[in-house]
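Here are the chains, one letter per residue:
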Amino acid sequence: MAFQVLRGGVGNAVGNVVLAPVSELLSRLLVQVAETALAAKDVLIEKESFSELAKYLEKFRPILKELRDKNTRDTPPIRVSVESLERELKLAKELISTCSSKSRFYLLINCRTFVKQIQDITNEIGRCLSLIPIATLDISMDIREKTIALQKAMVNAQFKAAVKEEEIIDKINSGVKEHRIDSDYANEMLLLIARAVGVPVDPVSLKQELDEFKKEKEEAQLRKSQAEAMELQQIIAFLSQADAAQPANEKGSNYQREKHNGRNQALPPLQSFFCPITQEIMEDPVGLISGQTFERSAIEDWFSSGNRTCPVTKTQISTLDLKPNISLQNSIREWKDRNTLFNIAAIATKLRSGSDDEIATALLDLYNLSEEKPVHRDWISAEGLVPVLAQLLNSDKRDIRKRTFATMRSIAINNNENKERIADAGAVTCAVRSLARDIEEGKQAVALLLELSRNSKICQQIGRVQGCILLLVTMLNSEDPCAVQDAGELLNILSNDNQNVVQMAEANYFKPLLQCLSEGSDMTKILMASALARMELTDQSKAALGHEGAISPLVKMYMSGKLEAKFAALRALQNLSTLSQNTEYMINAGIIPPLLQLLFSVTSVLVSLKEPAAAILANLAVANSGHEWKCDLSDGVLENDDIICQLLSLLNLVGPVIQGHLLQALNGMACPQMASQVRFKMRESGAIQLLLPFFHAKDKELRISALELLYSLSQDGSGRELADQLGKTYIVALVKLLLVSLREDEKAAVLGIISNFPVNDSIITEILLQANALQVIVSLLHINNTETAVRSAQNHLVENAAGALIRFTIPSDKRLQHLTVEHDAIPLLVQLLLCGPPIAKSRASTSLAQLSQNSLSLTTPVSKKRSWFCISPSSELICEVHGGCCSVKTSFCLVEAGALVPLLQVLDDKDRQADEAALDALSTLLCDEIWEKGVNAIAGAHGIRPILRLLTVGSAAAQEKAVWILERIFRNESYRLEYGNQAQMPLIDLAQKGTPATRSLAAKILAYFQLLQSQSSYF
């Protein structure tokens, strides 16, 4: 029956025919080997066997190449071997051609024959190799050993058809042998064959493949291969019973015809349909030698229990052989089919006009019928029930909707026509709507959509329904694993459409988009990158994209793509770079060097790319401004002198937008506290002079960015250098910006610059006073209750305002101090102690400490002589610490200002930044003339415990200042008694481990407690 491969013997040249040289034969053979191995990849059947043959041929090539290159002598054995190999390769190519072009059904039916031919060809090639006189040839030992090993392997090679294909052939042969004429078995076989050989299981494809199979029978007849033609005819007749290959309209016509010819009521089963053992209608009736028929499984159980008699006649059975009762089986199936026609019609009536309970029952019956046989799905459709079911999806009963979804999914399985009818009836929109309902209904709805999506046209329709993809993505978080699996599978199918992939990404499901970025075509990658650039991503989404690997393919896309791809990739990276968490991903992907190369490029075609490139660099720098540009992240490229100079020089060569990004990038590089080397290089490269023109920029963002960079450059004690380069004109300009600006970040930058000017430079101070800077600075000390988003900017403003005020409170210039206090600065400073940010508290404490240093000298002493009016000053007017008449305005008294308690509260804060400054302010109350009163005031304000606490939690500097204060406090015996137990252990620890000054003071206090002798070496 199978296609035959003919193999001839080995012959010699005849007559005067000139034989080709062996070297030419070997070259030709090498080409044949390569072509045969390549063609073997395109076969339609037995791919594994052909792949194994191709591997053998690939191993064969080096041997042939060695023989050719060594100019092997043309001897009879060599020629016989080479010519034989050539014939075998020709046979192999013919076999591959057959298995690449014939009907797939035909190939599967004959797979055993083809496998046998593959084995024969492989074995014969091995025998041909054995004819080569290896021992006498001048070839390498390696090739010699490989030839011997390959020859043995090919001679002994065994091939076998795939197990699944063998099983299918056995079932078909069994069906033909037993003359099975029922459509169910034929359907099963047809679908098994189709799936095994990769043929779609829709009726059109199945019918087309059957028609091709029939042509093979006709070709067999033309070849006069009658036995093969007869066997093919039997298989074709068997498979033609399958209704799976019938078009839907033909099935519908058959249904209507059978329905018209049938009765209008169900027929009762005949008694012969029942199994004598189970008393149930038989599915697989088989006969015994006694003439009785039973259900196969029932009689097999009877015999397996040890019985050897007929269950009906009770006679002894001489053989246990079972013979299928095909005629009875066909009668039973015909009876079932006729009754099914009646049942479907009855169900249709209930669905159209029944009660809710009747509809629910009818839906269950219809579902069971659909699951029973594939042809029933066509009959249900032919009865016109698809539109009826679609209408039921609008029912207000959840149970009815759930059952309807399940039934519709069942009748759509492997039935393209029903899928289209369901979609045309509007079920897709209803199913999408139900995705948002309870989980059980959503589970059935997504199962239906998944089945419908196997039709490409309907799949496109599903993706276009508003809200569908968002609901499917939401369902991925469902508690039902089946719903999650179906939703994921449906999303995977929908991801074949790029528009759907974008919608998924917009719903925060990025897996398909990431796959497209990594594996898609160039145009697909551009589409995905462009979509990412447009999306308004949340920080969570940006973090997910960075973590899941979106950045690396975008960087590769920029580095290797064309202009359009570069632009899309940069815009997408710009969007992702606004999240600081993505900084490391981008730097590790190597984005910084190509960004710099692009920015420094003079190629006009790349101009459009410079803006997003500058924006990315700015975002990376700003995100990284909380720490150093580490070598392992940026390879030190941004610390290079030339890079810094080039970035600065670009400021005068680009437009305002790119200027803004460059300024942000430079500030991000210069801003970190430890980036002193970067700031030095910028100042050395003339950054300050380059930034001065931006003072007058109309673009506020540009001006602010320039001011912020100047603020960064004024650190590291460079305020003097900055002031000298600014001069009076630009210092006055800074103050004017304070007066007119409405932006808190701009004011904060200006105040930061002013705060970094040398504090003791009286010329700068006078310039600031003449420009009314003091009044403005004091007015900016106010703290407003604002939202968190605004609070950060306001905190920065207040911090820098408090820093700028310090120069106006220096103790050496009482005139300045009076001017400051006249602007009501002290109450605002006290307010900062209560509710300002930590840095502002520290700077406010510093100003209060400087003011308080002069309080004693500014206090009006109380005369001990009787006054002229014989009236003593009121005790309420006498300061408890300074002992005279104090006030906030005249003597800057901390006690009168109510600053004592707020200063002590600072010491109780979790943040430790303001400890030292607060202690300095408290220390001004403990100078030698007034220390006892100062101690009492601190104790009265419950300040001893907060100071003691610093002995364990404070910095080394804070501990030293705290011990200095405690030494004065514990001169008083009553305080030693009250706080001694609490103070002893921390003091002992500091006496052993503290700084030299701290150890000495701690030991002195311990001596007060009589824990150390006053002559101790600690002193």
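Being a predicted model, the structure only gives us computed values, none of them experimental.

1. Quick notes on the overall build of the chain
A tally of regular secondary structure across the chain gives 55 helices and five strands. Against the globule reference of 31 Å for 1019 residues, the chain gives a C-alpha radius of gyration of 48 Å, more extended than a compact globule. Principal axes of the C-alpha set define a box for the chain whose edges measure 150 × 90 × 65 Å. Counting over 1019 residues, the chain shows a buried share of 50%. Across the chain, the fraction of contacts at a sequence separation of at least 24, relative to all contacts at a separation of at least 6, is 70%. When the accessible surface of the chain is totalled, it reaches about 48200 Å², and 51% of it is carbon and sulfur. For the chain, the distance from the average site of its 107 positive side-chain charges to the average site of its 119 negative ones is 1 Å.

2. Here's the deal with the layout of surface pockets
Taken as a whole, the largest pocket encloses approximately 900 Å³ of empty space. Along the wall of the largest pocket there are 30 residues; nearest its centre are C671, Y711, S712, Q715 and H796. Counting residues per element, the ones that place at least two in the lining of the largest pocket are α35 (656-670), α38 (700-713), α40 (744-755), α43 (788-805) and α46 (838-852). If one sorts the elements of the lining of the largest pocket by residue count, α43 sits on top with five residues.

3. Digging into the nonpolar core
The biggest cluster of nonpolar side chains holds 180 residues, and the ones touching the most others in it are L554, M682, F757 and F970. No other element matches the nine residues that helix α39 (residues 719-740) contributes to this core. Aside from chain neighbours lying at most four places away, what touches F757 is G719, L722, A723, L726, I731, L734, I764 and R807. Listed in part, the 78 residues of the second largest apolar core include L30, Y56, I63 and L67.

4. A closer look at the packing of helix α2 (residues 47-69) against helix α5 (residues 111-130)
α5 packs onto α2 with a crossing angle of 15° between their chain directions and a minimal axis gap of 10 Å. It follows from the interaxial angle that α2 and α5 lie roughly parallel. Here α2 runs over α5; the crossing is left-handed. Residues S49, F50, L53, Y56, L57 and F60 of α2 lie in contact with α5, whose contacting residues are V115, I118, T122, I125 and L129. Its residues assigned to classes, the contact of α2 with α5 shows nine nonpolar, two polar and no charged.

5. Some remarks on the sheet that holds strand β2 (residues 293-295)
Pairing is antiparallel in the open sheet, where three strands are placed in the order β2-β1-β3. Of all strands in the sheet, those bounded by a partner on one side alone are β2 and β3 (323-324). Bridge count for strand β1 (residues 285-287) against β2 is three bridges, and the pairing is antiparallel. When the sheet's bridge partners are listed, V286 is paired in β2 with F294.

6. Some details on the environment of A921
Position of A921 relative to the elements: it lies in helix α50 (residues 915-923). Along the backbone, A921 and S456 are 465 residues apart, and their C-alpha atoms lie at a distance of 79 Å.

7. Let's talk about the environment of V778
Its location among the elements puts V778 in helix α42 (residues 773-779). The buried category is assigned to V778, whose relative accessible area is 3%. Taking the C-alpha atoms as reference points, V778 and L856, 78 residues apart in sequence, are found 24 Å from one another. Other than its neighbours up to four places away in sequence, V778 contacts L805, H823, D824, A825 and L828.

8. Some details on the pattern of salt bridges
Applying the stated criterion across every chain, the model contains 46 salt bridges. Two residues, E283 and K336, come together in a salt bridge whose shortest N-O distance is 2.5 Å. Taken together, the residues span a long stretch of sequence, with E283 in the loop between α11 (248-261) and β1 and K336 in helix α13 (residues 326-353) at a distance of 53 residues. Between E701 and R743 there is a salt bridge, and its shortest N-O distance comes to 2.8 Å. With E701 in helix α38 and R743 in the loop between α39 and α40, the pair connects residues that are 42 residues apart, well separated along the chain. The exposure class of R743 is partly exposed, given its relative accessible area of 23%.

9. Examining the packing of helix α49 (residues 900-908) against α50
Contact geometry of α49 with α50 gives a least axis separation of 9 Å together with a crossing angle of 150°. Between α49 and α50 the crossing geometry is left-handed. Together, L900, L903, L904, V906 and L907 of α49 and D915, A918, L919, A921 and L922 of α50 make up the contact between the two elements. The class makeup of the residues in the contact of α49 with α50 is nine nonpolar, no polar and one charged.

10. Thoughts on the confidence of the model for the chain
Averaged over all residues, the pLDDT of the chain is 87; the fraction at 70 or higher stands at 91%. Counting contacts from residues 627-635, a segment whose pLDDT is below 50, to residues more than four positions away or on other chains yields 22 contacts.

11. Looking at unusual backbone geometry
Positive phi is not limited to glycine here, since E46 has a value of about 50°. When you line up the elements, E46 lands in the loop between α1 (22-39) and α2. You can call E46 buried: its relative accessible area is 6%.

12. Looking at the packing of aromatic side chains
In this structure the tally under the stated criterion is four aromatic pairs. Between F695 and Y730, the ring centres sit 5.2 Å apart and the planes meet at 85°, which makes this aromatic pair edge-to-face. With F695 in the loop between α37 (687-691) and α38 and Y730 in helix α39, this residue pair connects regions lying 35 residues apart in the sequence. In this structure, K566 is placed above the aromatic ring of Y558, and the distance from its NZ or CZ to the ring centre is 4.7 Å. Just above the ring of W931 sits the side chain of R971; from NZ or CZ to the centre is 4.7 Å.

13. Focus on the side chain of S712
Residue placement: S712 occurs in helix α38. Relative accessible area serves as the criterion here: at 2%, S712 is assigned to the buried category.

14. Details of a negative patch on the surface
A surface patch of like charges, here negative, comprises D356, D357, E358 and D396. Note on placement: D356 falls in helix α14 (residues 356-372). Using a relative accessible area of 39% as the deciding quantity, one classes D356 as partly exposed.

15. A look at the environment of I753
Position of I753 relative to the elements: it lies in helix α40. For I753, a relative accessible area of 1% translates into the label buried. Sequence-wise, I753 and I731 are 22 residues apart; in three dimensions their C-alpha atoms are separated by 9.5 Å. Residue contacts for I753: discarding those within four places in its chain leaves L707, L710, Y711, S714, L722, L726 and L734.

16. Points about the state of the cysteines
Per the stated rule, a full pass over the model turns up zero disulfides. Between C111, a cysteine without a disulfide, and C99, which holds the nearest cysteine sulfur, the sulfur-to-sulfur distance is 9.8 Å.

Basis of the calculations
Residues numbered from 1 in each chain as written. Predicted model: local features only at pLDDT ≥ 70, side-chain atom pairs only at ≥ 80, totals over all residues. Heavy atoms only, no water. Helix = DSSP H or I, 4+ residues; strand = E, 2+ residues; numbered from the N terminus. Rg over C-alpha atoms; globule rule 2.2 N^0.38 Å. Buried < 20%, exposed > 50% of the residue type's maximum accessible area, 1.4 Å probe, protein only. Contact = heavy atoms within 4.5 Å. Areas by Shrake-Rupley, 256 points an atom, 1.4 Å probe, with all protein chains shown as cover. Lys, Arg positive; Asp, Glu negative; His and termini not counted. Charge placed at Lys NZ, Arg CZ, Asp CG, Glu CD. 1 Å grid on protein atoms, 1.4 Å probe; cavity = no way out; pocket = protein on both sides within 12 Å on 5 of 7 lines; lining within 4 Å. Points joined across faces, edges and corners; volume = space filled by probe spheres on them. Core = buried A, V, L, I, M, F, W, Y, C linked by side-chain atoms within 4.5 Å. Axes fitted to C-alpha atoms, helices over the stretch in contact; angles between N-to-C directions. Parallel < 35°, antiparallel > 145°, perpendicular 65-115°, else oblique. Left-handed = near helix turned anticlockwise from the far one by under 90°. Nonpolar A, V, L, I, M, F, W, Y, C, P; charged D, E, K, R; others polar. Pairing = 2+ DSSP bridges. Salt bridge = Lys/Arg side-chain N within 4 Å of Asp/Glu carboxyl O. pLDDT = per-residue confidence, 0-100. Phe/Tyr/Trp six-rings, centres within 6.5 Å; stacked < 30°, edge-to-face > 60°. Lys NZ or Arg CZ within 6 Å of the ring centre and 35° of its normal. Patch = residues over 30% accessible without salt bridge, like charges linked within 9 Å, V, L, I, M, F, W, Y side chains within 5 Å. Disulfide = S-S within 2.5 Å.

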